[in-house]
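# Chains, contacts and geometry: an overview
These are the residues of each chain, in order.
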Amino acid sequence: MLKVRLALTLVAASTILVACGGGGGDDSPSPNTPLAATQAPITSANYVAVTQEALSSNAFLLDATSLVVGAQVSDSSTLIRFGQSQLSKTPGRIANASVQAVGATQTFTEQCAGGGTLTIVDNDRNGNQQADAGDSVSLTANNCSFDGEVLNGQLSVTLNSATGNFESGYPYTLSGVLSFQNLTAQSATTRVVANGSMTMTVDARSDFNQSVALAIDSFAVSRTYAGVTSSQTLTKYNTSLKVSPTGSGADWTSSVRGILTSSTIDSKSVSIDTPLSFVRSGNQAYPASGQAIILGAAGSKVQVTAISSTTVKIDLDADGNGTYETSVNKVWSEIL
Amino acid sequence: MLATKAFGWSAQRWAVSVCLIVLPSVVAAADCGAPGLGALAGAERSQWEEFDAHGKSLVREQGTLKVVGLQVAGQCRTLDWSANWTLSRGERDYDGVTSTQAPFQTQSRLQAQHLAVQAWLPVRSGWSMGSQLGYRHIERDIAGKGNVLGYPERFAYWQAALGARYQAVLGARVRLTASAWLGGGPGGRVKLDLPRADPVTLNLGSSRLLALGLELEGGEAATQAGWSWQAGVSYRREQTSAGPAKTLVRNGIPVGAALQPRFVQRHWGGTARVTYRF
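Computed from a prediction, not measured in an experiment: that's the story for all the values here.

### What to know about a nonpolar patch on the surface
Residues and elements named next belong to chain B. Taken together, the side chains of L37, L170, L216, W227, W229, V274, Y276 and F278 define a hydrophobic patch exposed on the protein surface, amounting to about 810 Å² of accessible area. Structurally, L216 can be placed in strand 11 (residues 207-219). Given a relative accessible area of 30%, L216 falls into the partly exposed group.

Here is the structure:
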């Protein structure tokens, strides 16, 4: 269980990488493309903001950094962390379920640390008390305190597979579908509502040799920050992170491919792809290499290139003629 | 950041002008004696704690700050007055949590300036009633560590207080002064420069203040020209209510929200001061 936590923590600790990445392990050359009518034009007036929104589109999926508490600052990664934590707990829940009639389900209530409850329905489909494909857990959060926020709504976890030395060490693999149904996280400053599903796959061989992939058909998040509401929908969105051992620690390699629809670009869409995966050294906050392409309406395009672990170059081809006519270098921290 | 400093310093310069130039001039024209100019140095134990809306402690900081300051003080026919500026600097140990609620320890670097004008009105033998107006500017830089990002905060707020003072003569050239202040102030502001958002200014809630002091003074009497010395200990407790949440943006896009939670400051200090009275 400890190792599972480590793996999922790797995911949680990789936000920036995946936020910059794309591809989901898919090597096909062309990204998904939204319908032309819904594509957002990328212009010299909005290309930096579009870049930020596109690169940050999965920052709430995989968040690399956190802040010290001085002011109380909230972001929207809580629900994903909750989903990850519940996926890791699912094999244990199945294994610890009491023997029952095949196909029956059992319901119990679990106290959340800090207050509230989780109503949990286990479904060990064949009643063998082992984590098999198709076994599932449905959770209903009732003012459940998690990471300083209050959760309400539903999450279901359906296992695809769970193999290996899962309980006590490496290696192991874990795959499951997380389905969010109006799962809401409320804090003093922020309210986030998630709907949709994603498949998470973890392949863990050691602390510094792991990979995590998320495959999303459609996942929508609505955020209200101090009264200001925005929304994002990820469609056909695949993202992955691979942690590989190096002499000095580990390299974090991430990629992404998918479609982002955001209220900040008039509820229109752009596609994002990483022809060159982003690579970050474990002792750096941002990737030093890698490239992303963001496509908008009428062939408008942004190329994002990591110059160093502190600087990123953003090139704009607004008219889609194949020439980047506008370029700017930004500090990574201004974008992610 | 520049705007933050500009805001802090412009207000302080204005207050310094009032305290150290205008006020003595006004006092000089109001049948008052020549003022005395003092310099002080000392140290204080500083504690800072933040709480969420349910009263749960989020952060606790403790450390020792060095204190220096200047004072202009004098006596008029009907009241005593003083204007003070103090600067406290140092580091505190930070023991708290990250924004993802993970336990976290680091340091914060502090620089706090306080400007205050106060007046005492004698009411009976040894006893005086006082009033005070103060402005406090605190620079708090929380250090990051590993993947946890730190950031600077710049607090600014005003406070007013009413006080009571008792002075006892202990000898020909020695006297003891005990004082107490009770007050508060409207909500101030804190400017944040968060790593993943544009700089933002948050409103603070209102504050409450309790301050106690005990000071031993020797040397020339308050009505005589020449040198005198003072040595004192003090305790100050401030409680500031949580402020409202504000949206964080970057490149015009909402990326989060922040508020300054309720925080309590406690300071125990000792200072020594020398004063020359003209």
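### As for empty space enclosed by the protein
All names here are of chain B. Summed over the entire model, instances satisfying the criterion amount to three cavities of 30 Å³ or more. What the second largest cavity holds in volume is close to 80 Å³. Of all the secondary structure elements, the ones that give two or more residues to the lining of the second largest cavity are strand 1 (36-51), strand 3 (80-97), strand 4 (103-124), strand 5 (127-142) and strand 15 (262-277). With four residues, strand 4 is the largest single contributor of residues to the lining of the second largest cavity. Of the residues that constitute the lining of the second largest cavity, the class distribution is five nonpolar, six polar and four charged.

### Details of helix 4 (residues 78-96) of chain A
Residue and element names in this part refer to chain A. In this model, helix 4 (19 residues) spans 26 Å end to end at C-alpha, consistent with the 27 Å of a helix rising 1.5 Å per residue. K89 marks the point of greatest bend in helix 4, at about 35°, and the proline P91 comes within the next four residues. Burial analysis of helix 4 places 16 of its 19 residues in the buried class, which makes it a mostly covered element.

### A few points about the confidence of the model for chain A
All names here are of chain A. When the pLDDT values of chain A are averaged, the result is 80; 79% of them are 70 or greater. Long-range and interchain partners of residues 1-31, a stretch whose pLDDT sits below 50, account for 120 contacts in this model, where long-range means more than four residues apart. In the predicted structure, residues 63-70 sits below a pLDDT of 50 and forms 61 contacts with residues beyond four places in sequence or in another chain.

### Notes on the packing of aromatic side chains
Under the defined criterion, the tally for this structure stands at 15 aromatic pairs over all chains. Consider the rings of Y135 of chain B and W158 of chain B, whose centres lie 4.8 Å apart with planes at 50°: the pair is tilted. Residue Y135 of chain B is located in strand 5, and its partner W158 of chain B is located in strand 7 (residues 151-169); the two are separated by 23 residues in the primary sequence. Relative accessible area serves as the criterion here: at 33%, W158 of chain B is assigned to the partly exposed category. When the centroid spacing of 5.7 Å and the interplanar angle of 45° are considered together, the rings of Y235 of chain B and W268 of chain B count as tilted. With a gap of 33 residues between them, Y235 of chain B in strand 12 (residues 226-240) and W268 of chain B in strand 15 connect regions that are remote in the sequence. With a relative accessible area of 39%, W268 of chain B lands in the partly exposed category. Following the ring pairs from residue to residue traces out a cluster consisting of F278, Y286 and W332 of chain A. Against the face of W252 of chain A rests R280 of chain A, its NZ or CZ located 4.8 Å from the ring centre. Positioned above the aromatic ring of F104 of chain B is the side chain of K145 of chain B, whose terminal nitrogen or guanidinium carbon lies 5.6 Å from the ring centre.

### Description of the pattern of salt bridges
Residues and elements named next belong to chain B. Inspection of the entire model under this criterion finds 19 salt bridges over all chains. Note that D80 and R165 form a salt bridge whose closest N and O atoms lie 2.8 Å from each other. One end of the pair, D80, is in strand 3; the other, R165, is in strand 7, and 85 residues separate them in sequence. One exposure class covers both D80 and R165, and it is buried. Here R236 makes a salt bridge to E238, at a shortest N to O gap of 2.3 Å. Of the residues examined, E238 reaches a relative accessible area of 0% and is grouped as buried. A single network of salt bridges, built from pairs that share partners, joins E50, E61, R92, R140 and E153.

### Overview of the environment of D315 of chain A
Residues and elements named next belong to chain A. Structurally, D315 is set in strand 15 (residues 311-317). With 268 residues separating them along the chain, D315 and Y47 place their C-alpha atoms 8.7 Å apart. Those residues within four positions of D315 in sequence are excluded, and the remaining contacts are K301, V302, Q303, Y324, T326 and S327. Within the local environment of D315, its side chain forms a polar contact with the side chain of S327, the two groups lying 2.7 Å apart.

### Notes on unusual backbone geometry
Residues and elements named next belong to chain A. Phi at N143 takes a positive value of approximately 50°, unusual for a residue other than glycine. Looking at the element boundaries, N143 is found in strand 5 (residues 136-146). Although it is not a glycine, D266 adopts a positive phi angle of roughly 60°. Along the chain, D266 falls in the loop between strand 11 (249-262) and strand 12 (268-281).

Conventions and cut-offs
- Residues numbered from 1 in each chain as written.
- Chains lettered and ligands numbered in written order.
- Predicted model: local features only at pLDDT ≥ 70, side-chain atom pairs only at ≥ 80, totals over all residues.
- Heavy atoms only, no water.
- Patch = residues over 30% accessible without salt bridge, like charges linked within 9 Å, V, L, I, M, F, W, Y side chains within 5 Å.
- Areas by Shrake-Rupley, 256 points an atom, 1.4 Å probe, with all protein chains shown as cover.
- Salt bridge = Lys/Arg side-chain N within 4 Å of Asp/Glu carboxyl O.
- Helix = DSSP H or I, 4+ residues; strand = E, 2+ residues; numbered from the N terminus.
- Buried < 20%, exposed > 50% of the residue type's maximum accessible area, 1.4 Å probe, protein only.
- 1 Å grid on protein atoms, 1.4 Å probe; cavity = no way out; pocket = protein on both sides within 12 Å on 5 of 7 lines; lining within 4 Å.
- Points joined across faces, edges and corners; volume = space filled by probe spheres on them.
- Nonpolar A, V, L, I, M, F, W, Y, C, P; charged D, E, K, R; others polar.
- Expected span 1.5 Å × (residues − 1).
- Bend = angle between axes of the 7 residues up to and from the residue.
- pLDDT = per-residue confidence, 0-100.
- Contact = heavy atoms within 4.5 Å.
- Phe/Tyr/Trp six-rings, centres within 6.5 Å; stacked < 30°, edge-to-face > 60°.
- Lys NZ or Arg CZ within 6 Å of the ring centre and 35° of its normal.
- Polar contact = N/O pair within 3.5 Å; in protein donor to acceptor, adjacent residues only side chain to side chain.

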